[in-house]
Amino acid sequence: MPAACESVLEDIEDIVSAEDLKPHDRQFVRRNVFPKVRKRNSQKNIQTDDEPPSDSIIPGVQKIWIRTWGCSHNNSDGEYMAGQLAAYGYTITDNSAEADLWLLNSCTVKNPAEDHFRNSIKKAQEGKKKVVLAGCVPQAQPRQEYLKGLSIIGVCHSVRLLGQKKDNGKRLGGARLDLPKIRKNPLIEIISINTGCLNACTYCKTKHARGDLASYPIEELVDRAKQSFQEGVCEIWLTSEDTGAYGRDIGTDLPKLLWKLVEVIPEGAMLRLGMTNPPYILEHLEEMAKILSHPRVYAFLHIPVQSASDSVLMDMKREYCVADFKQVVDFLKEKVPGITIATDIICGFPGETDEDFQETMKLVELYRFPSLFINQFYPRPGTPAAKMPQVPAAVKKQRTKDLSQLFHSYSPYDHKVGERQRVLVTEESFDSNYYVAHNPFYEQVLVPKDPLLMGKMVEVDIYEAGKHFMKGQPVSDARVHTASINRPLAKGEVSGLTEEFRRSLQNGTNWRAQPSAEIPVKTRLSSWMALQLPWQQEGGGVKILSVSLALLAVLVMFYYGGMKTEL
């Protein structure tokens, strides 16, 4: 790197040369300086603190649009990123056209998801938008050609920047759970109970991004659930790459966690379990059946089988056989009557024969899964399955079509017409014509758009059924349960900030405390300049701004300065 000047300074005083003004000369000059009166700017030209220029490079004044693809774990990551950026002062917008920067949170599970991600990058560049890339794609493959020249972060940005919580050298979970977030749905809290997994499936790219199993301590998860209920949440989703493997790295297990969580679920609220692979649920079947029978836990479990051929499962390195999957399903169906079992199937995995595929068809015909995720196999770069002899594309497509036709040949809910069901209303339907509720088996029930029903548990009479839903009419004299005495946060409000923190934002004063369940207010830009955010802990502990916040603020500053950042 070229030197800033030719000569080397031996002493700081050498900066002053003989030609520079002496102190008495500066005093003389001051006496001959007269103030110049300027005319005041017109009111229309005054830039207020509340509305800084949109092209400013000062962090915290731009509008950011966030798009997330993939699983509920990835959606939880997106909620945390949005919350931390909003807490720092950025405006999170739903309008991509008005945003100054696009934050694209990617998924690497399948080719189509990455294609959408790549197309969004191109669209952002064509629209002259600044781009920050996050999620599993840049984490697993940061050197891809189409990522070059862009600011990228992965799913482990907080680990590399700030260090991860460890116990005797073992990492505990991922980023802190008490960081601010903006829930996509203020009524639903998504809690990641662990990151990574214990498997090494030959087709999986997510393992490259999320790594090995790292579980959060039970007490931290319970605290997060309590805070969520205090903020008006009425439904909690537990998520991870494999919830069944929870706790194996820290000397506990999933049933122990669930029993602790059940203790803090208020009346009128529900808990939904995430995906679990068969091997890790087998040894806990008795306890899981009891938990799934609890009135505040949905009788629902997502158990991906992927194939009904043992030879294909062996090539996938799934670490179970079809008999194991059937044992789990049969046991839970017997002990938890009416339980919903959802599963995944991959069509056209390398080496899958027609006989293998027919075994899968028979399995679907036997259990008639009400929720079935059908995936045509796509080889992911860098995975062992990508190097295996591939099934012809036409064959994969036909098998996917045949399985889809079988799935749509039966109606899982027709026999429920005329039933009276208890449902929890949590969201609006895609067509905006109904509210969406779920019964105790996490089956979707559409109800009338009555604002009084949102966030409530009500009884309905089922009068119609479709392939993926039922329709229900609320019972007029039925009791309505409200999950929390606190009102839910408004859409876009930040979770996890205290009342004192809000006052510090308004007054521009320093802050030093711990987060809790309160709601922030919109703040002047000037307030941010002297602000210390609430996750700064004294005395040899972690002295951090906030996880993604610190990184993304730097990225925005550097990017608006025309620089590329890669972390």
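Look a little higher up for the structure.
Criteria and cut-off values
Residues numbered from 1 in each chain as written. Predicted model: local features only at pLDDT ≥ 70, side-chain atom pairs only at ≥ 80, totals over all residues. Heavy atoms only, no water. Pairing = 2+ DSSP bridges. Helix = DSSP H or I, 4+ residues; strand = E, 2+ residues; numbered from the N terminus. Expected span 1.5 Å × (residues − 1). Buried < 20%, exposed > 50% of the residue type's maximum accessible area, 1.4 Å probe, protein only. Arc of directions from axis to C-beta. Contact = heavy atoms within 4.5 Å. Phe/Tyr/Trp six-rings, centres within 6.5 Å; stacked < 30°, edge-to-face > 60°. Axes fitted to C-alpha atoms, helices over the stretch in contact; angles between N-to-C directions. Salt bridge = Lys/Arg side-chain N within 4 Å of Asp/Glu carboxyl O.

Draft legend 1. Geometry of the pairing of strand β1 (residues 63–68). Both β1 and strand β2 (residues 91–92) contribute to a ladder of two bridges, which runs parallel. Counterpart to I64 in the pairing with β2 is I92. Summarising the sheet, β1 and strand β3 (residues 101–106) pair through five bridges and their orientation is parallel. Following the sheet pairing, I66 is matched in β3 by L103.

Draft legend 2. Structural context of helix α13 (residues 393–407). Taking 1.5 Å per residue as the helical rise, α13 with its 15 residues ought to reach 21 Å, and the 21 Å between its terminal C-alpha atoms agrees with that figure. Turning to α13, its buried residues are K396, R399, T400, L403, L406 and F407. All buried residues of α13 lie within an arc of 125 degrees about the axis, which places them on one face of the element. Turned more than 90 degrees off the buried face of α13, the exposed positions are A394 and K397. Each element contacted by the buried residues of α13 is listed here: β14 (340–347), α12 (354–367) and β15 (371–376).

Draft legend 3. Summary view of the sheet that holds strand β5 (residues 151–152). Spatial strand order, β2-β1-β3-β4-β5: five strands in an open sheet with parallel pairing. The open sheet has two edge strands with one neighbour each: β2 and β5. Two elements, β3 and strand β4 (residues 130–135), share six bridges in a ladder whose sense is parallel. Bridge assignment links L101 to a residue of β4, and that residue is K130.

Draft legend 4. Summary view of the packing of aromatic side chains. A full pass over the atoms with the stated rule returns eight aromatic pairs. Taking 6.3 Å as the distance between ring centres and 80 degrees as the angle between the ring planes, the aromatic pair formed by Y203 and F349 counts as edge-to-face. Here Y203 is found in the loop between β9 (194–195) and α6 (206–210), whereas its partner F349 is found in the loop between β14 and α12, with 146 residues between them in sequence. With a relative accessible area of 15%, Y203 lands in the buried category. Assessed through its relative accessible area of 0%, F349 is described here as buried. When the ring of F407 is compared with that of Y410, the centres are 5.8 Å apart and the planes differ by 90 degrees; the resulting orientation is edge-to-face. The burial state of F407 is the same as that of Y410; both residues are buried.

Draft legend 5. View of the sheet that holds strand β12 (residues 270–272). Spatial ordering of the open sheet is given by β8-β11-β12, a layout of three strands whose pairing is parallel. In the strand order of this sheet, the two ends are held by β8 (188–192) and β12, each with one partner. Each strand axis lies, on average, 20 degrees off the axis of its neighbour in the sheet, ignoring direction. Sheet topology note: the β8/strand β11 (residues 235–239) ladder contains five bridges and is parallel. Note that in β11 the partner of I191 across the bridge is L238. Against the sheet, helix α7 (residues 218–230) engages β8 and β11, with an angle of about 170 degrees to β8.

Draft legend 6. Spatial organisation of the pairing of strand β19 (residues 456–465). Here strand β16 (residues 420–428) runs beside β19; their pairing, made up of five bridges, is antiparallel. What sits directly across from L424, in β19, is M457. Summarising the sheet, β19 and strand β21 (residues 481–482) pair through two bridges and their orientation is antiparallel. Each residue of the ladder has a partner; that of M457, found in β21, is H481. Summarising the sheet, β19 and strand β20 (residues 470–474) pair through five bridges and their orientation is antiparallel. Looking across to β20, one finds that I462 is bridged to G472. Where β19 hands over to β20, the hairpin turn is made up of four residues, counted between the paired strands.

Draft legend 7. Representation of the side chain of Q306 within the structure. With respect to the helices, strands and loops of the structure, Q306 is situated in the loop between β13 (300–302) and α10 (310–316). Residue classification places Q306 among the buried residues on the basis of a relative accessible area of 6%.

Draft legend 8. Unusual backbone geometry, seen in detail. Positive phi, close to 60 degrees, is recorded for K128, a residue that is not glycine. Along the polypeptide, K128 turns up in the loop between α3 (111–126) and β4. The exposure class of K128 is exposed, given its relative accessible area of 73%. Residue Y442 is not a glycine yet carries a positive backbone phi of 55 degrees.

Draft legend 9. Up close: the pattern of salt bridges. Evaluated as defined, the whole model comprises 19 salt bridges. The partner of R183 in a salt bridge is E231, and the shortest N-O contact between them spans 2.7 Å. Of this pair, R183 sits in the loop between β7 (170–171) and β8 while E231 sits in the loop between α7 and β11, and the two are 48 residues apart along the sequence. Both residues of the pair, R183 and E231, count as buried.

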